[in-house]
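# Structural overview for review
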Amino acid sequence: MSEANTQAQQDYAIRMINLNKWYGDFHVLKNINLDVAQGERIVICGPSGSGKSTVIRCINHLEEHQKGQIIVNGDEITGDVKQLERLRRDVGMCFQHFNLFPHLSILDNLTLAPIWVRKIPKAEAEATAMKYLERVKIPDQANKYPGQLSGGQQQRVAIARSLCMNPKIMLFDEPTSALDPEMISEVLDVMVELAEEGGMTMLCVTHEMGFAKQVADRVIFMDAGQIIEENTPNEFFNNPQSERTQLFLSQIIAH
Amino acid sequence: MYVTDKILPELPAPSNAKGLVYWLKNNLFSSPLNIVITFLGFYLVYKILPPAIQWAFIDATWVAETREECLGEGKGACWAYIGNRFGQVMYGFYPPAEYWRPNLAGILLILLTIPLFIEKMPKKVWLGAFILLVFPFIAYVLIHGGMLGLSEVGTDRWGGLMLTLIISLVGIAAALPLGIILALGRRSEMPIVKSISIIFIEFWRGVPLITVLFMASVMLPLFLPAGSDFDKLARAMIGIILFQSAYVAEVVRGGLQAIPKGQYEAAVAMGLSYWKSMFLIILPQALKLVIPGLVNTFIALFKDTTLVLIIGLFDLLLIIENVLGSDAAWLGFFTEGLVFAAFVFWIFCFSMSRYSMALERKLDTGHRS
Ligand SMILES: Nc1ncnc2c1ncn2[C@@H]1O[C@H](COP(=O)(O)OP(=O)(O)OP(=O)(O)O)[C@@H](O)[C@H]1O
Ligand SMILES: [Mg+2]
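Notes on the structure follow. Please read all numbers here as calculations on a predicted model, not as lab measurements.

### Description of the pattern of salt bridges
By the definition in use, this model includes 22 salt bridges over all chains. Residues A:Arg218 and A:Glu40 are paired through a salt bridge, measuring 2.7 Å at the closest nitrogen-oxygen approach. Taken together, the positions of A:Arg218 in strand 9 (residues 218-223) and A:Glu40 in the loop between strand 2 (26-37) and strand 3 (41-45) put the pair 178 residues apart, joining distant regions of the chain. Comparing A:Arg218 with A:Glu40 shows no difference in burial state: the two are buried. Linking A:Glu85 and A:Lys82 is a salt bridge whose minimum nitrogen-to-oxygen distance equals 3.4 Å. Taken as a pair, A:Glu85 and A:Lys82 lie in helix 3 (residues 81-89) at a separation of 3 residues, close to a single helical turn. Each of B:Arg186, B:Glu202, B:Arg205, B:Glu250 and B:Arg253 takes part in salt bridges that share partners, so that together they form one network.

See below:
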């Protein structure tokens, strides 16, 4: 049985089973159950403060959960330091505020983790970095510093930085919400390309409904620390079931 | 409706230099109060500067064999007095025949340090580690001797500027890493590490350096088993290092607190360990932010080394004050000695300050967020 079980676990990139989390007395995640298949692309949306960031930050253990299980690539997260370092190599993350390292050039930002974590030789890491900079269409910025780039460029660098580690899973936490409108599309284009290429499991917290419709396999709607609704994009947008979802959708379409 | 009919060309920025008269008028004579202050300032400079220059340079005696040559009508500063005792000023009671040994150590240190300032020098980290971890032993063997055929020169004979520099360099080189560890410890999530760091820092910050030196020199031997002879200089140095590391720790902690949490999260989210995140991401940024504070601490440390004179170590100041001051052949030139000591200290402190400014400029990568 255990072998069949492991086999089944392997088909999932991420499993969350009765996940609960508190900040002090505040119950921020309530019984989250979510299975994400390998290669699946999921969009998470919901009102501010509903716990979207917290959920995806639990996946790479930037936040600790108190109850329930999270199983990533067949490994249950225990908080063990060595296991975490191993897990995080395969889970990339892009943040709302990019979090590039301002004291390092773009190229050094990209090669840092491959060199220090994956122990890849410098020349090889740089070649890979240039390849991904080309993918995100800014190879000419390699020797600049993050402070010299626009927000959209910085976020594309951040995506390339994650890709350099060759992750199996990518987590995005509102990657476009700190950007000026004209820069949002340049970042979304890169993400769409990445999604359509396939092969990588993607979890994306975003309110870009166009992006969700175009690439998501499933849309998850959260409110007050709970998963309220989960459906294919088509059904989710055209035929929302819960009242909360309908209200939320009417609000984001209204503005 | 309006549509522009031409694209404007780029023009050079207007020049800020509007001439000396404009500058004077704007900065020195802009209001009645400023005019009064300006003239008062000029008057003070006029009263103080010419006599000072007269004394220190024009009327000064630069070379003299005896004290008498410095005395007499219209004679100014007697620099010859410093010159005649230069060996002691520099090396204390170190045997003159062996001056080459500290000299060699100094030259070696300078030669080793130069490559660190060369932009594209590879393997800088190894060189730095060599200077910090291996060079001190080489220097010790050279200066102290007692092995490899070098005659032994005990630390009680070290003195002068050499001793001041040794204490300062060792103090800085050891207090910085220790301070960084303490700062990280104080921000650690492990309660024991955190408490130990806090207690350590607050203890050493709470006692005056003089007390520390006294304890190290007078009280510590009482607790050590009888007969164990622990070098006085070493004891003083350990005291200074522990004392200064507490200050360094607090300066560094200020820098650590200014680094956004997202930097650490981004680093560990890529699989970097705690230590790698600290050394590759957090500390380079934090240390850069606190360069002014660190240099401030180092300058204070450099000047505080003069306190070792109270436990009878003959640093630059004590040599000048005590040894030269009581030399019957050269009585009465105390002022020259102190001016000279002040000048030497000023040169070193000012260089440190200039270097820190240059370093800040060099490391500026144009942060925006
Ligand atoms: N470190 C923390 N300590 C205490 N409460 C927190 C902490 N971080 C988040 N919270 C609270 O937990 C709740 C969920 O936060 P979370 O950041 O996951 O929301 P979100 O859905 O991502 O919202 P947003 O769209 O604003 O990013 C919020 O009410 C927030 O105030
Ligand atoms: Mg959020």
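### So, the state of the cysteines
All names here are of chain A. Taken as a whole, this structure holds 0 disulfides over all chains when the rule is applied. Its sulfur unpaired, Cys164 is 11 Å from the next cysteine sulfur, which belongs to Cys94. On the basis of relative accessibility, which here comes to 7%, the residue Cys164 falls in the buried class. Cysteine Cys204 is unpaired, with the sulfur of Cys94 as its nearest cysteine sulfur at 9.1 Å.

### Focus: helix 7 (residues 181-197) of chain A
All names here are of chain A. Here helix 7 spans 25 Å end to end across 17 residues, near enough to the 24 Å set by a 1.5 Å rise per residue. Of all the positions in helix 7, only Met183, Ile184, Val187, Leu188, Val190, Met191, Val192, Leu194 and Ala195 are classed as buried. Elements that come into contact with the buried residues of helix 7 comprise strand 3, helix 5 (122-135), helix 6 (151-163), strand 7 (169-173), strand 8 (201-205) and helix 8 (209-215). Positive backbone phi, at 80°, marks Gly198, one or two positions downstream of helix 7.

### Let's talk about the sheet that holds strand 10 (residues 226-231) of chain A
Residues and elements named next belong to chain A. Overall, mixed pairing links the 6 strands, which are arranged 6-7-8-3-9-10 in an open sheet. If you trace the sheet from one side to the other, it starts and ends with strand 6 (91-94) and strand 10, each paired once. This sheet shows a mean twist of 20° between the axes of neighbouring strands, independent of strand direction. The pairing of strand 3 with strand 8 spans 4 bridges and is classified as parallel. Paired with Val43 across the bridge in strand 8 is Cys204.

Rules used in this analysis
Residues numbered from 1 in each chain as written. Chains lettered and ligands numbered in written order. Predicted model: local features only at pLDDT ≥ 70, side-chain atom pairs only at ≥ 80, totals over all residues. Heavy atoms only, no water. Salt bridge = Lys/Arg side-chain N within 4 Å of Asp/Glu carboxyl O. Helix = DSSP H or I, 4+ residues; strand = E, 2+ residues; numbered from the N terminus. Buried < 20%, exposed > 50% of the residue type's maximum accessible area, 1.4 Å probe, protein only. Disulfide = S-S within 2.5 Å. Expected span 1.5 Å × (residues − 1). Contact = heavy atoms within 4.5 Å. Pairing = 2+ DSSP bridges. Axes fitted to C-alpha atoms, helices over the stretch in contact; angles between N-to-C directions.

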